[in-house]
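# Overview (structure and organization)
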Amino acid sequence: MTGEPLLSVEDLAVRFDTEDGVVHAVDGISYTVDRGQVLGLVGESGSGKSVSSMSLMGLTAGRRTTIEGRVMFEGRDLLTLPGSEVRAIRGGAISMIFQDPLSSLHPFYTIGRQLIEGVRAHQDGVSKKAARERAIEMLGLVGIPDPRGRVDAYPHEFSGGMRQRVMIAMALVNEPKLLIADEPTTALDVTVQAQILALIKRLNEELDMAVILITHDLGVVAEIADEVAVMYAGRIVEQAKPEALFEAPEHPYTWGLLRSIPRLDTPRDQELVPVAGRPPSLINRPSGCHFHTRCPYVREAHRRIDPPLEPVALGQEDHVVRCLLPHETRLELWRSLESGADAAAAGRAAGTEVTEIKA
């Protein structure tokens, strides 16, 4: 792709001042999203995925919140724009699908009223009748049965999955240039999940709409993402094209995520391997590499040295990782793990000591 990216996030940091201390929710992440590109953000709960994306929308600002860095959208820094300009962009050029539809929909207003309000707030000169027809069209597009009859229903009259479809319709009603989808299919069954992902991908292609897809489901990422960023403790620890990330992941945390999901090409009786240990406190963060408290291959230097995010090897600038292990060692470890070896056996094969991690 050529030209300036649609969105450029540079050293974004978000901190919350709490009674227990400062929470470093997002710790200096950078990425770009081009028009028509799908970026997948993956990681455990609390890794900073949602907070980083909500900050783009101006939804984390507050008296006890500190936001640093730059968020350039079509040449304008969203973090320095007046509130009125951010509100004009939010819901129009940039839209978001939230995780919890029940808390995101107004319980006293009909679904149609809320969709109509979204259309007329961002499209000048649209009549109420035209906005209503657009609302009905969007409800049908996301698979709501009898959309003309259900447009005047209230949120509590819909099931959880149907409310999620309404949220998706609301996010797409103004054909945004950038869609932030925060776990958009969590409440849906597998069949509907596939339909919604296909809808997002189709609109992404037809409208040249950029998408930031926040998920813990690596299968979803493999399905539609053009680029994947793995987040841990508020940072991006690995970023690559999906093919590279799934075939030759370089970070031990990414290995843990991949080994914790079921696969069709493994024996049915083979147990899944969870990531050992627990995510670190974002108030009292570990020294050195933040993953060292859970990494089986940690060395003494890893407890002191904070690794930068850098290319995995010379000539592979589109695959970056934050790890102090040598590239050759990481490849050897992943090959052993991929063949079914446990962490200790993989470490022996790569000539690396393995540390026992407590749950």
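Residues numbered from 1 in each chain as written. Predicted model: local features only at pLDDT ≥ 70, side-chain atom pairs only at ≥ 80, totals over all residues. Heavy atoms only, no water.

Where we set the bar: UniProt positions are given in the numbering used here, feature names are shortened, and annotations may be inferred rather than shown by experiment.
Under an unreviewed UniProt entry, the name given to the chain is ABC transporter ATP-binding protein, and the organism recorded is Paraconexibacter antarcticus. UniProt, in its Subcellular location (unreviewed entry) section for the chain, records the words "Cell membrane".

### Here's the deal with the sheet that holds strand 5 (residues 76-77)
To be explicit about the condition: At least two DSSP bridges between two strands are needed for those strands to be called paired. What counts as a helix is a DSSP run of H or I of at least four residues, what counts as a strand is a run of E of at least two, and both are numbered from the N terminus. Throughout, a contact is declared for two residues whenever any of their heavy atoms are within 4.5 Å. Every angle, taken between N-to-C directions, lies between 0 and 180 degrees, and every axis is a line fitted to C-alpha atoms, over only the stretch in contact when it is a helix.
One open sheet accounts for four strands, arranged 2-1-4-5; its pairing is antiparallel. Looking at the sheet topology across the chains shown, the edges are occupied by strand 2 (21-33) and strand 5. Sheet analysis places strand 1 (residues 7-18) next to strand 4 (residues 65-73), joined by eight bridges and oriented antiparallel. For E10, the partnering residue across the bridge sits in strand 4 and is R70. Contacting strand 1, strand 2 and strand 4, helix 1 (residues 49-56) crosses the sheet at an angle of about 110° to strand 1.

### Description of the pairing of strand 9 (residues 227-232)
What counts here: Only protein chains enter the accessibility calculation, which uses a 1.4 Å probe. A residue is then buried if its area is under 20% of the maximum for its type, exposed if over 50%, and partly exposed in between.
Extensive coverage of strand 9 is indicated by the burial of six of its six residues. Burial of the side chains of strand 9 extends over both faces: E227, A229 and M231 are buried on one face and V228, V230 and Y232 on the other. With five bridges connecting them, strand 9 and strand 10 (residues 235-240) associate as antiparallel partners. Across the sheet, the residue bridging to Y232 is R235, located in strand 10. Hairpin geometry of strand 9 and strand 10 is characterised by an intervening segment of two residues between the two adjacent antiparallel strands and by a positive phi of about 55° at A233.

### Details of helix 5 (residues 128-141)
Keep this limit in mind: Each helix should span, by expectation, one fewer than its residue count multiplied by 1.5 Å.
Helix length check: helix 5 (14 residues) gives 20 Å between terminal C-alpha atoms against 20 Å at 1.5 Å per residue, within 8%. Among the residues making up helix 5, those that are buried are A131, R134, A135, I136, M138 and L139. One or two steps after helix 5, the chain reaches G143, where phi turns positive at roughly 90°.

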